[in-house]
Amino acid sequence: MRTDLDHLPPAKQRELERVVQILFEEFRDATAIATSDWKKQARILKVILYGSYARGGWVDEPHTAKGYQSDFDLLVIVNHPKLTDRVEFWSSAEDRLNRELAITKTLRTPVNFIVHTLQEVNDGLAHGRYFFMDVARDGIALYQSDDTELHQPKPKTPKQALAMAREYFQEWLPSAEDFLQGCRDARARGRSKKAAFDLHQATERLYHCVLLVCTFYTPHVHNLGFLRTQAERIDPRLIDAWPRDNRADRSRFEKLKEAYVKARYSKHYRITDEELAWLSERVEALGQAVQVICEERIAALEHSAAA
């Protein structure tokens, strides 16, 4: 695996050094109180940069009309399955990265990271999951405790890939449509919180759908911001679903992102029908784009399987 960052500007290289430092500091604090042997031996094995900053096709235009900016995408590999628990071991790191981006401004690039064990990554390669194959092919090791290489990928046959893509598409797109209809029904009954939660679930399922159909992998998270970033790496047509030109547009998306928890449990969560109408329109646009992208992907797999 590559280890050089010569293709990145010096400022981006320094940012990545800072990000890795934060991950290690917060991981150390999260595992400081060791009550079991596995926790005493907790280690980060690798930190791998993947995505646009690894390939060299990033976009860094936060002040333009579109306001789009690529994120640093990182895969953190740990030595025990329990260490992948995002709430217990990684929430502080996520909060700190967001704080240094939004408040202290010590970071200028958003950061998304996923956490897996080495076995999970190698299993993904053994099962021909495109996401892990892309990481193995394009990834750059920012840190590794040793230079052990990831396993060689074993791509699926064209027929296997087609069958899996069809299965994911037939499961996740109707599920998203069900929750979108649930949002409409809840709005009609004036139940704004229920509508917001159902709309969140529709959005989440659309992102899971396109990620699974196109890469055979989706992170096990409910964070729409994170899922949006992962999905938009696949196809830039997904970017247009969410206008980012002004603060009001971004605020509405944040309110939808918060709905997974707050719409169910917080008495202070408020969302207007006007906001729900705007968000519903955007989710429908997202759904149309997801359907087109997935159908194109399946058609390509059909062509490969028939060849």
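Before any of the text, the structure's been laid out above.
Now for a look at the structure at hand. Position numbers for residues count from 1 along each chain, tracking the sequence in the order it is written. In keeping with the model being predicted, local features are shown solely for residues with a pLDDT of at least 70 and side-chain atom pairs are shown and tallied solely at 80 or more, while totals for entire chains, interfaces and linings include all residues. Neither water nor hydrogens contribute to the side-chain values; these are computed over all heavy atoms in the structure.

Turning next to the state of the cysteines. The disulfide definition used here is simple: a pair of cysteine sulfur atoms within 2.5 Å. Tallying each qualifying case throughout the model produces zero disulfides. Distance from the sulfur of Cys183, which forms no disulfide, to the nearest cysteine sulfur (Cys209) is 19 Å. Note on Cys294: no disulfide assigned, nearest cysteine sulfur contributed by Cys209 at a separation of 4.0 Å.

What follows deals with the sheet that holds strand S4 (residues 140-144). A sheet is described by the order of its strands in space; here four strands give the open sequence S3-S2-S1-S4, paired in mixed fashion. Two strands bound the open sheet, and with one partner strand each, they are strand S3 (111-117) and S4. Direction aside, the axes of adjacent strands within the sheet are offset by 20 degrees on average. Between any two strands, pairing holds if DSSP finds at least two bridges. Counting from the N terminus, the helices are DSSP H or I runs at least four residues long and the strands are E runs at least two residues long. Bridge count between strand S1 (residues 44-50) and strand S2 (residues 72-78): six bridges; the pairing is antiparallel. A fitted line through C-alpha atoms represents every axis, and for helices the fit uses only the stretch in contact; the resulting angles, taken between N-to-C directions, go from 0 to 180 degrees.

As a further point, take the packing of aromatic side chains. Ring pairs shown here join Phe, Tyr and Trp side chains whose ring centres sit within 6.5 Å, with only the six-membered ring taken for Trp; geometry is labelled stacked below 30 degrees between planes, edge-to-face above 60, and tilted in between. What the rule picks out here adds up to 15 aromatic pairs. When the centroid spacing of 5.1 Å and the interplanar angle of 15 degrees are considered together, the rings of Tyr53 and Trp58 count as stacked. For each residue, the accessible area found with a 1.4 Å probe, counting protein chains only, is set against the maximum for its type, and the residue is called buried under 20%, exposed over 50%, and partly exposed in between. Overall, the relative accessible area of 23% leaves Trp58 in the partly exposed class. Charge over a ring is defined by NZ of Lys or CZ of Arg lying within 6 Å of the ring centre and within 35 degrees of the ring normal. If you follow Arg86 out to its NZ or CZ, it ends over the ring of Phe113, 4.3 Å from the centre.

Okay, the pattern of salt bridges next. Think of a salt bridge as a Lys or Arg side-chain nitrogen and an Asp or Glu carboxyl oxygen that are within 4 Å of each other. Under the criterion given, the structure shown has 25 salt bridges. Of the charged contacts, one joins Asp138 and Arg137 as a salt bridge, the two residues approaching to 2.9 Å between their closest N and O atoms. According to the relative accessible area criterion, Asp138 is buried, its value standing at 16%. We note a salt bridge from Arg237 to Asp235, for which the minimum N-O separation is 2.7 Å. Exposure remark for Asp235: the relative accessible area of 12% places this residue in the buried category. One connected set of salt bridges, linked through shared partners, spans Arg18, Glu25, Glu26, Arg96 and Glu100.

This part is about helix H5 (residues 91-102). The periodicity of an α-helix, 3.6 residues per turn, causes residues three or four positions apart to be oriented the same way. Helix span, expected: 1.5 Å multiplied by one less than the number of residues in the helix. For H5, which comprises twelve residues, the first-to-last C-alpha distance of 16 Å matches the rise-based estimate of 16 Å (1.5 Å per residue) to within 8%. If you check which residues of H5 are buried, you get Ala93, Arg96, Leu97 and Glu100. The buried residues of H5 occupy one face: seen down the axis, they fall within an arc of 100 degrees. Taking the helix axis as origin, the arc is that swept by the directions to the C-beta atoms.

Moving on to the pairing of S1. Within S1, seven of the seven residues are buried, leaving the element largely enclosed by the surrounding structure. Examined bridge by bridge, S1 and S4 share four bridges and lie antiparallel to one another. Looking across to S4, one finds that Ile48 is bridged to Ala141.

All right, on to the packing of helix H9 (residues 192-215) against helix H11 (residues 247-265) then. One way to put it is that H9 packs onto H11 with a least axis distance of 8 Å and a crossing angle of 130 degrees. Here H11 runs oblique to H9, going by the angle between their axes. Two packed elements cross with a definite hand, and for H9 against H11 that hand is left-handed. Residues Lys193, Ala196, Phe197, Leu199, His200, Gln201, Thr203 and Glu204 of H9 form the contact with H11, whose own contacting residues are Leu256, Lys257, Ala259, Tyr260, Ala263 and Arg264. Residues are grouped as follows: nonpolar covers Ala, Val, Leu, Ile, Met, Phe, Trp, Tyr, Cys and Pro; charged covers Asp, Glu, Lys and Arg; every other residue, Gly included, is treated as polar. Split into classes, the residues belonging to the contact of H9 with H11 amount to seven nonpolar, three polar and four charged. Any angle from 65 to 115 degrees is called roughly perpendicular, while one under 35 is roughly parallel, one over 145 is roughly antiparallel, and all others are oblique. What makes a crossing left-handed is the near helix being turned counterclockwise from the far one by less than a right angle; a clockwise turn instead makes it right-handed. Contact criterion: two residues are considered in contact whenever any of their non-hydrogen atoms come within 4.5 Å of each other.

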